[in-house]
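Spelled out from the first residue to the last, the chains are:
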Amino acid sequence: SNLTHLPRSEYVPGIGLGIAKCPYDPLDNSTAIYVENGNPGDLPALYSGTNAEFTKADTVIFRTDLYNMTSGRKEYNFRRTLKYDSKWLDKPNFVGSFDIGEYVYFFFRETAVEYINCGKAVYSRIARVCKKDTGGKNILSQNWATYLKARLNCSIPGEFPFYFNEIQSVYQLPNDKTKFYATFTTSTNGLVGSAVCSYDIGDIKEAFDGKFKEQATSNSAWLPVLKSKLPEPRPGTCVNDTQALPDTVLNFIRSHPLMDKAVDHEHASPVYYKRDLVFTKLVVDRQNWATYLKARLNCSIPGEFPFYFNEIQSVYQLPNDKTKFYATFTTSTNGLVGSAVCSYDIGDIKEAFDGKFKEQATSNSAWLPVLKSKLPEPRPGTCVNDTQALPDTVLNFIRSHPLMDKAVDHEHASPVYYKRDLVFTKLVVDRIRIELLNQEYMVYYVGTNAGRIYKIVQYLRNGESKSKLLDIFEIAQNEAIQVMEISQARKSLYVATDHRIKQIDLAMCNRRYDNCFRCVKDPYCGWDKETNTCKPYELGLLQDVGNETYDICDTSVTKKKIIVTYGQSVHLGCFVKVPEVLKDQQVTWYHHSKEKGRYEIKYSPTKYIETTERGLVVISVNEADGGRYDCHLGGSLLCSYNITVDAHRCTPPNKSNDYQKIYSDWCHEFEKYKSAMKSWEKKQAVSTHLFICNNYIQIQVLVIHSCVAKSM
């Protein structure tokens, strides 16, 4: 191999021993940066953060000896952090280093010395040294005389912030020295989570220009240093010759390398965070638009105090219609959970972007509309042939005023559909147009995080938007719907979760609806009166999506006839199991009797009981309970029963089955007499009327035997 062995006494600029320049263990987290300008004598140097010992006991921020590149002569000795001093460095893991202005900055995580009295914790740090630093004359002669460090804060804000304390990587755009972007994680011993935070060089300088932190004794709390205790010149400030610094400054730096204020991330919140995930590295790309504008999307329930669904989850546009957008929204998961579907028109969107801009004069000011007189020409955000020809006044305005004042309102002044305790994820939309009837319907398929799809229809009636829930499909229990697409060629909806994919026919008429009531509400379907089946819609079939004709299905409802024995209880029901989509709706039962005519049945525990499937139980039927019973939902007839009460007690049976039925009926009758007997016994003295009771029972038995004998 083409390698040259160098004796320990021979030095070549840029080549030499690796101690304090790279780690002994390749798995150690280390950083290094080659700085060509700004060093003492303007000589190039390698700055590094690494382990300087095989035992890993000596971690160091280091600058190599400085050599004259022409003569090869050493001009300045190396500089490093104090050895074995936990205030300077305590088991750091370095992730990055950067050359910016007068300083070299280092990013790392380490054991937090200021937290040591409360336990062990790891904090993220940013440290800096002046490139001109040549150490002190007597104190810190081999060490940095300008070394300072501050905590990096990456946290979810709140009354009790959630901290991502361990920095994993850092990145800076090559052409922007004012921003840093970093990934952070929580401690792997607890709840696992990661975040991305961004930092501005101004906030970093503010932290280093602020108060210092100190601990008076080993048992004391860490507190800010009083301004009166600071020596002059201010410790950490870059000067031409650090060896001329007074001992008071050097001693202060030696014992006070830590700043009191943490460096806060931008925008008061992480760029992104997620639990159960460990971020490792990141890179960032920036594309600067000369016409970028943004406006708020409003999806809310109107009223004196509107209820807002602030977090958009998905958006959809019909392939052949570029004028509308359809989107799902949710509330924040920290409060009341709810979701909504809203639609937007491109005209309303253009109106918002053609309106006023929004601005904040200072960080403490309210956001207000920008006066028209302050707008430069041409109007910021307007499309032009060559944006590079735009004047700086327009570009600077766009840079600081990307937000529009007016929000984009949804159509029809109300969401298409909304529901609480539900999280919508994705949606697709299908348009159904019946040309001969000049009627158009929008059908929304909305996925949830629980693996269900809500099928919603929207239509216009007298210019007013109406919508209703048609059906709910169970796709995959507790699996979030991730992707949905409609194939018009196959007339199918395709749905995917993380674990499965399903195909659903758009028109599932006879497979979903077994009655006229639900069939006619679906714009894909129609009810065939001749065959009493639900079919894909065509002219001639019954359809009433808007529920405009309440009795459209009355002739298609089967009128069931039931003969009930006097004293029995009877159950009347329209569904074996109520469809999910109808569970929240109330049904009404009506009785048509000879004595009272038509009247609404009121539920009571002794006569009329409503079942969980919206059925009706009539207790102890008598002659007055005969007649027709109709069940209505929203004005439409669901089912109908005609009850005949059999009050004859001793009709001779013709067949053995009739005999068994009559025997069963008389058993019910006997139970009725026994019940009456018990009530009567409570009112009378048992001893006085015992004989009468026994004879009464015997008489009833004789009546039963008489009927049986007659039938045989």
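Residues numbered from 1 in each chain as written. Predicted model: local features only at pLDDT ≥ 70, side-chain atom pairs only at ≥ 80, totals over all residues. Heavy atoms only, no water.

**Remarks on the overall build of the protein chain**
And then number 1: If you tally the helices and strands in the protein chain, you get 8 helices and 46 strands.
And then number 2: Here the C-alpha atoms of the protein chain give a radius of gyration of 41 Å, more than 25% beyond the 27 Å that 2.2 N^0.38 yields for 712 residues.
And then number 3: By residue count, 43% of the 712 residues in the protein chain fall in the buried class.
And then number 4: Once local pairs closer than 6 in sequence are excluded, the contacts in the protein chain between residues at least 24 apart make up 56%.
And then number 5: Within the protein chain, the 81 negative side-chain charges are centred at a point lying 3 Å from the centre of the 87 positive side-chain charges. (Helix = DSSP H or I, 4+ residues; strand = E, 2+ residues; numbered from the N terminus. Rg over C-alpha atoms; globule rule 2.2 N^0.38 Å. Buried < 20%, exposed > 50% of the residue type's maximum accessible area, 1.4 Å probe, protein only. Contact = heavy atoms within 4.5 Å. Lys, Arg positive; Asp, Glu negative; His and termini not counted. Charge placed at Lys NZ, Arg CZ, Asp CG, Glu CD.)

**A closer look at helix 2 (residues 247-255)**
And then number 1: Along helix 2, the residues that are buried comprise Val249, Leu250, Phe252 and Ile253. Along the long axis of helix 2, the arc covered by the buried residues comes to 160°, so they all point the same way.
And then number 2: In this structure, the buried side of helix 2 is in contact with strand 10 (148-153). (Arc of directions from axis to C-beta.)

**Considerations on the sheet that holds strand 32 (residues 452-461)**
And then number 1: With antiparallel pairing, 4 strands are arranged side by side in an open sheet as 30-31-32-33. The sheet terminates laterally at strand 30 (424-434) and strand 33 (464-474), the two strands that pair on one side only. Across this sheet, the average inter-strand angle for adjacent strands is 20°, counted without regard to direction. (Pairing = 2+ DSSP bridges. Axes fitted to C-alpha atoms, helices over the stretch in contact; angles between N-to-C directions.)

**Concerning the layout of surface pockets**
And then number 1: In this structure, the largest pocket encloses a volume near 970 Å³.
And then number 2: Every residue lining the largest pocket is counted, 25 residues in all, and those nearest its centre are Lys179, Arg286, Gln287, Asn288 and Arg399.
And then number 3: For the lining of the largest pocket, the secondary-structure elements that each account for two or more residues are strand 14 (179-185), strand 15 (193-200) and helix 4 (392-400).
And then number 4: In terms of residue count, helix 4 provides more of the lining of the largest pocket than any other element does, 4 residues in total.
And then number 5: A per-class count over the lining of the largest pocket returns 12 nonpolar, 6 polar and 7 charged.
And then number 6: Counting residues domain by domain, the lining of the largest pocket receives three or more from each of domain 1 (31-275) and domain 2 (288-355 + 406-506).
And then number 7: Breaking the lining of the second largest pocket down by element, the ones donating at least two residues are strand 33, helix 5 (509-512), helix 6 (516-519) and strand 46 (636-646).
And then number 8: Its residues assigned to classes, the lining of the second largest pocket shows 16 nonpolar, 7 polar and 9 charged. (1 Å grid on protein atoms, 1.4 Å probe; cavity = no way out; pocket = protein on both sides within 12 Å on 5 of 7 lines; lining within 4 Å. Points joined across faces, edges and corners; volume = space filled by probe spheres on them. Nonpolar A, V, L, I, M, F, W, Y, C, P; charged D, E, K, R; others polar. Domains from an automatic or database assignment.)

**Regarding the state of the cysteines**
And then number 1: Taken as a whole, this structure holds 7 disulfides when the rule is applied.
And then number 2: A disulfide bridge connects Cys509 with Cys525, and the sulfur atoms are separated by 2.1 Å. Handedness here is read from the sign of the S-S torsion; for Cys509 and Cys525, about -90°, the answer is left-handed. Of this pair, Cys509 sits in helix 5 while Cys525 sits in strand 37 (residues 525-528), and the two are 16 residues apart along the sequence.
And then number 3: Given the relative accessible area of 0%, Cys525 is considered buried.
And then number 4: Covalent S-S linkage joins Cys516 and Cys553, the inter-sulfur distance amounting to 1.9 Å. The S-S bond linking Cys516 to Cys553 shows a torsion near -70°; that makes this disulfide left-handed. On the criterion of sequence distance, the pair formed by Cys516 in helix 6 and Cys553 in the loop between strand 38 (533-536) and strand 39 (559-565) is long-range, its members being 37 residues apart. In terms of burial, Cys516 and Cys553 fall into one category: buried. (Disulfide = S-S within 2.5 Å.)

**Brief notes about the nonpolar core**
And then number 1: Counting 75 residues, the largest nonpolar core has Tyr444, Tyr445, Ile453, Leu493, Trp589 and Tyr629 as the members making the most contacts within it.
And then number 2: For Leu493, the residues in contact, after removing those within four places along its chain, are Val428, Tyr445, Ile453, Met484, Glu485, Ile486, Lys502, Gln503, Ile504 and Leu506.
And then number 3: Of all hydrophobic cores here, the second largest spans 56 residues; its members include Tyr47, Ile126, Ile204 and Val225. (Core = buried A, V, L, I, M, F, W, Y, C linked by side-chain atoms within 4.5 Å.)

**As for the UniProt feature "domain: Ig-like" (unreviewed entry) in the protein chain**
And then number 1: Per the UniProt record, "domain: Ig-like" (unreviewed entry) is found at residues 567-631.
And then number 2: For residues 567-631, helix accounts for 0% and strand for 37%, while the C-alpha atoms at its two ends are 23 Å apart. (UniProt positions renumbered as here; feature names shortened; annotations may be inferred.)

**Here's the deal with helix 4**
And then number 1: For helix 4, the complete set of buried residues consists of Val394, Phe397 and Ile398. For helix 4, the angular spread of buried residues about the axis comes to 100°, placing them on one side. The exposed set on the far side of helix 4, more than 90 degrees from its buried face, consists of Asp392 and Arg399.

**A few points about the pairing of strand 30**
And then number 1: Burial runs high along strand 30: 8 of the 11 residues are buried.
And then number 2: Between the end of strand 30 and the start of strand 31 (residues 439-448), which pair antiparallel, lie 4 residues, with Asn438 showing a positive phi angle near 50°.

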